[in-house]
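# Examination of the molecular architecture
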Amino acid sequence: LEGSSRPPPPLDRAPSAALNMGKRAVEEEEDGDQLDDDEDFYKKRKTEAEPWEDLEDPKLDNDEAEPSAHSISVGNLAFTTKRKALKKIFKGYGSVVSVRRYVAGAPRRADISFSTAEEMQAAIDDMNGKEVEGRTVKVKTTPPPEETAAAPKKGKGKGKGGSWVDAKKAVWVGNVPEGTTYQEVLELAKSVSNEVKWAEVFKGTAAIGMASPEAVASTVTALNGAMLGTQAIVTDAWSKKN
């Protein structure tokens, strides 16, 4: 325009600069997205590679207090359910004495004891069949601990075995192959009777403990001549051999 001293902008350069600036912005945005994706990927890989890293030892999630006689067992829990969560739920039924989140051999079970039998029963009646952290639980009185009988001591004893054997409830086994274990004798005995309690092996002989004197006679008959390893065993009532 006449009278204007300012020259017009260079049209051939302006669009190019704008495009370059736009391209850099897009690239930076894409780089940022890629960084986030990479971070998520590696976090995921780390979690997958170390799934137990954040899990606590369940043995550490038990009360130090001794359980009372009024104890319930809560079964079918999630593996991640904690002692504190259970205590919060069950203290609504009375005074909670102890919570054992870790029960050997039962990872989905917790044992909770109360001060009175009434509190224990109230918890059983109300919570059995309810949901705890998304799982339907089974609540009942805690079963008594299984008593593990002490293994009988080996010894020369009297006759064909040791003096610790209850003669009225034991089967004598002869012609036992060398190297036979008590587990092999026990397995064979349990294949013919569900009243077998224990087994012990001596040199060339063995003893099988039964639940009752009546079970001895039927087991003697069933096992006499049975194969144990490569040999046929002979059996009799223990009382007849001592």
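This report concerns the structure included in the present document. (Residues numbered from 1 in each chain as written. Predicted model: local features only at pLDDT ≥ 70, side-chain atom pairs only at ≥ 80, totals over all residues. Heavy atoms only, no water.)

## A short note on the sheet that holds strand β9 (residues 205–210)
Strand order across the open sheet formed by 4 strands is β8-β9-β7-β12, with antiparallel pairing between neighbours. Sheet topology places β8 (196–201) and β12 (234–237) at the edges, where each strand pairs with a single neighbour. Each strand axis lies, on average, 20° off the axis of its neighbour in the sheet, ignoring direction. Pairing between strand β7 (residues 170–174) and β9: 5 bridges, direction antiparallel. By the bridge assignment, G174 is partnered in β9 with T205. Together, β8 and β9 form the strand contacts of helix α4 (residues 182–190), whose direction differs from that of β8 by roughly 145°. Packing against the sheet, helix α5 (residues 213–223) makes contact with β7, β9 and β12, and its axis sits at approximately 165° to β12. (Pairing = 2+ DSSP bridges. Helix = DSSP H or I, 4+ residues; strand = E, 2+ residues; numbered from the N terminus. Axes fitted to C-alpha atoms, helices over the stretch in contact; angles between N-to-C directions. Contact = heavy atoms within 4.5 Å.)

## Side note on the sheet that holds strand β3 (residues 110–114)
Spatially, the 4 strands line up as an open sheet ordered β2-β3-β1-β6, and their pairing is antiparallel. Either end of the sheet is taken by a strand with one partner, and the two such strands are β2 (96–100) and β6 (138–141). Within the sheet, the average angular offset between the axes of one strand and its neighbour, ignoring direction, is 20°.

## Thoughts on helix α2 (residues 83–90)
Every buried residue belonging to α2 is among R83, L86 and F90, and all of these are buried. Burial along α2 is one-sided: seen end-on, the buried residues are contained in an arc of 65°. Summarising the geometry of α2, the exposed residues directed more than 90 degrees from the buried face are K84 and K88. Structurally, α2 contributes buried residues whose contacts are with β1 (70–75), β2, β3, α3 (117–127) and β4 (131–132). (Buried < 20%, exposed > 50% of the residue type's maximum accessible area, 1.4 Å probe, protein only. Arc of directions from axis to C-beta.)

## Considering unusual backbone geometry
Even without being a glycine, N76 presents a positive backbone phi close to 70°. Looking at the secondary structure, you find N76 in the loop between β1 and α2. Taking relative accessible area as the criterion, N76 reaches 30% and is therefore assigned partly exposed. Of note in the backbone geometry, N175 takes a positive phi value of approximately 60° without being a glycine. The residue N175 is located in the loop between β7 and α4 in this model. Note on N175: relative accessible area 41%, which makes it partly exposed.

## A word on the pairing of β1
Most of β1 is tucked away, with 5 of its 6 residues classed as buried. Taken together, the 5 bridges between β1 and β3 define a ladder with antiparallel strand orientation. Bridge pairing links I72 to I112 in β3. Note that β1 and β6 share 4 bridges and pair antiparallel. Within the sheet, the bridge partner assigned to V74 lies in β6 and is V139.

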